[in-house]
Amino acid sequence: MTTVPADPHLLPASADTRRVRSADGTWLHTATYGPQGAPTVVLAHGWTCSVAFWAPVIHRLAADHRVVAYDQRGHGRSDRPHGAPGYSTAKLADDLEAVLTALVPAGERAVLAGHSMGGMTVMAAADRPQVVARTSGAVLVSTGASDLVAELRVVPDAVRPVRLRRRLHQLILESRLPLGPANGVSRALLKYATMGPATPPAQVAACAKVVHACPTGTRYGWSKVLGTVELTAGLAALAVPTAVVVGTHDRLTPPVHARRMHAALADPRGLLELPGVGHMAPVERPAEVAGEIRRIVELVSAEQRSDVG
């Protein structure tokens, strides 16, 4: 039975934490929740976030799933890259491959769920042999495979010239300004850019706490990568049953991305559009996001049993 505490944004106690070494020597913080022997789900968070971002989803899965979450490089308790070469989609793929190899035993498979840059991580790693061998399904949440700057909707629609909109979006994306402590103004701006208009203050505050904890250098380093992401080939290589989730008010990765991805998948298993929800769907609507992850876990388990039978 799922038990959600009074404050769902606080992480539950982990069953295990460890540091996993990626291919270039970067150490990644990982945390595992739930019972051993249960179906495994691996969570990859997005830009400027951390394991803590997934707390509301982890609470809804950990009773009957083994949930593995990790801090992307530069975020949370993972090492920060040394210079521009440490920031790339190939590095994200290296990191996911390292986490899966360390925490999903050979012969077992996990459902991967990636939010925003985490979804891009799943696509970037889709053709890695160790990832393929350890992946049974995927859920891509609030993400995109390409043309991110072109489709941003943060600048108001009143600014119509395409080149000006693109330039303004690029300046916003690649800002080097430190965010500083969260306050009323910064929370309002974050809500406008990343969450739906009806998002409750507690959810906005929880997201602000996570985002404002991200180092400025990390935020900028990954912004340069996100501005040029091209993962169409990786999306096509994702051969497992895959669901796509997006909020109808997502300004960072609008529904056009989700629809394109779903149409291009080798094995699409559903496109869930959440009315009124912004980019932070795992925080805004954790029950629905956890429900899609659970659905894919159950779907692949049923298909595996059918194949055996």
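Residues numbered from 1 in each chain as written. Predicted model: local features only at pLDDT ≥ 70, side-chain atom pairs only at ≥ 80, totals over all residues. Heavy atoms only, no water.

Asker: An account of the nonpolar core is needed here, citing residue identities and associated values.
Answerer: Among the nonpolar cores identified, the biggest contains 43 residues, and Val-42, Leu-96, Leu-112, Met-123 and Leu-238 are the most heavily contacted of them. Broken down by element, the residue count for this core peaks at six residues, all from helix H2 (residues 89-103). Once you skip the residues sitting within four places of it in the chain, Met-123 turns out to touch Leu-140, Thr-143, Gly-144, Ala-145, Leu-231, Gly-234, Leu-235 and Met-261. (Core = buried A, V, L, I, M, F, W, Y, C linked by side-chain atoms within 4.5 Å. Buried < 20%, exposed > 50% of the residue type's maximum accessible area, 1.4 Å probe, protein only. Helix = DSSP H or I, 4+ residues; strand = E, 2+ residues; numbered from the N terminus. Contact = heavy atoms within 4.5 Å.)

Asker: Could you give an account of the pairing of strand S1 (residues 16-21), naming the residues involved and the relevant values?
Answerer: Note that S1 and strand S2 (residues 27-33) share six bridges and pair antiparallel. Across the sheet, the residue bridging to Val-20 is Leu-28, located in S2. (Pairing = 2+ DSSP bridges.)

Asker: Please set out the packing of aromatic side chains residue by residue, giving values where relevant.
Answerer: Applying the stated criterion across every chain, the model contains two aromatic pairs. Ring geometry for Phe-53 and Trp-54: centres 6.1 Å apart, planes at 80°, overall edge-to-face. The burial state of Phe-53 is the same as that of Trp-54; both residues are buried. Centre to centre, the rings of Tyr-87 and Trp-222 are 5.1 Å apart; their planes meet at 75°, and the pair counts as edge-to-face. Here Tyr-87 is found in the loop between strand S4 (66-70) and H2, whereas its partner Trp-222 is found in helix H9 (residues 216-226), with 135 residues between them in sequence. (Phe/Tyr/Trp six-rings, centres within 6.5 Å; stacked < 30°, edge-to-face > 60°.)

Asker: Just give me the short version of the sheet that holds S1, but keep the residues and values in it.
Answerer: Here eight strands make up an open sheet; going across it, the order is S1-S2-S4-S3-S5-S6-S7-S8 and the pairing mixed. Where the open sheet ends on each side, the last strands, each with one partner, are S1 and strand S8 (268-274). This sheet shows a mean twist of 20° between the axes of neighbouring strands, independent of strand direction. Of the pairings in the sheet, the one linking strand S6 (residues 135-141) to strand S7 (residues 242-247) comprises four bridges and is parallel in character. (Axes fitted to C-alpha atoms, helices over the stretch in contact; angles between N-to-C directions.)

Asker: I'd love a proper account of the side chain of Ser-146, names of residues and values included.
Answerer: Within the secondary structure, Ser-146 sits in the loop between S6 and helix H5 (148-151). Exposure remark for Ser-146: the relative accessible area of 14% places this residue in the buried category. Apart from the residues lying within four places of it in its own chain, the contact partners of Ser-146 are Val-229, Glu-230, Thr-232 and His-257.

Asker: Can you lay out the pattern of salt bridges for me, pointing to particular residues and giving the numbers?
Answerer: In a structure, side chains of opposite charge can pair up when their charged atoms sit close to one another. Under the defined criterion, the tally for this structure stands at 16 salt bridges. For Arg-294, the salt bridge is made with Asp-64, and the minimal N-O distance between the two is 2.7 Å. Here Arg-294, found in helix H13 (residues 286-308), pairs with Asp-64, found in the loop between helix H1 (55-61) and S4; they are 230 residues apart in sequence, far enough to count as distant. Of the charged contacts, one joins Glu-97 and Arg-128 as a salt bridge, the two residues approaching to 2.9 Å between their closest N and O atoms. Here Glu-97 is found in helix H2, whereas its partner Arg-128 is found in the loop between helix H3 (117-124) and helix H4 (129-133), with 31 residues between them in sequence. Just as Glu-97 is buried, Arg-128 falls in that class too. (Salt bridge = Lys/Arg side-chain N within 4 Å of Asp/Glu carboxyl O.)

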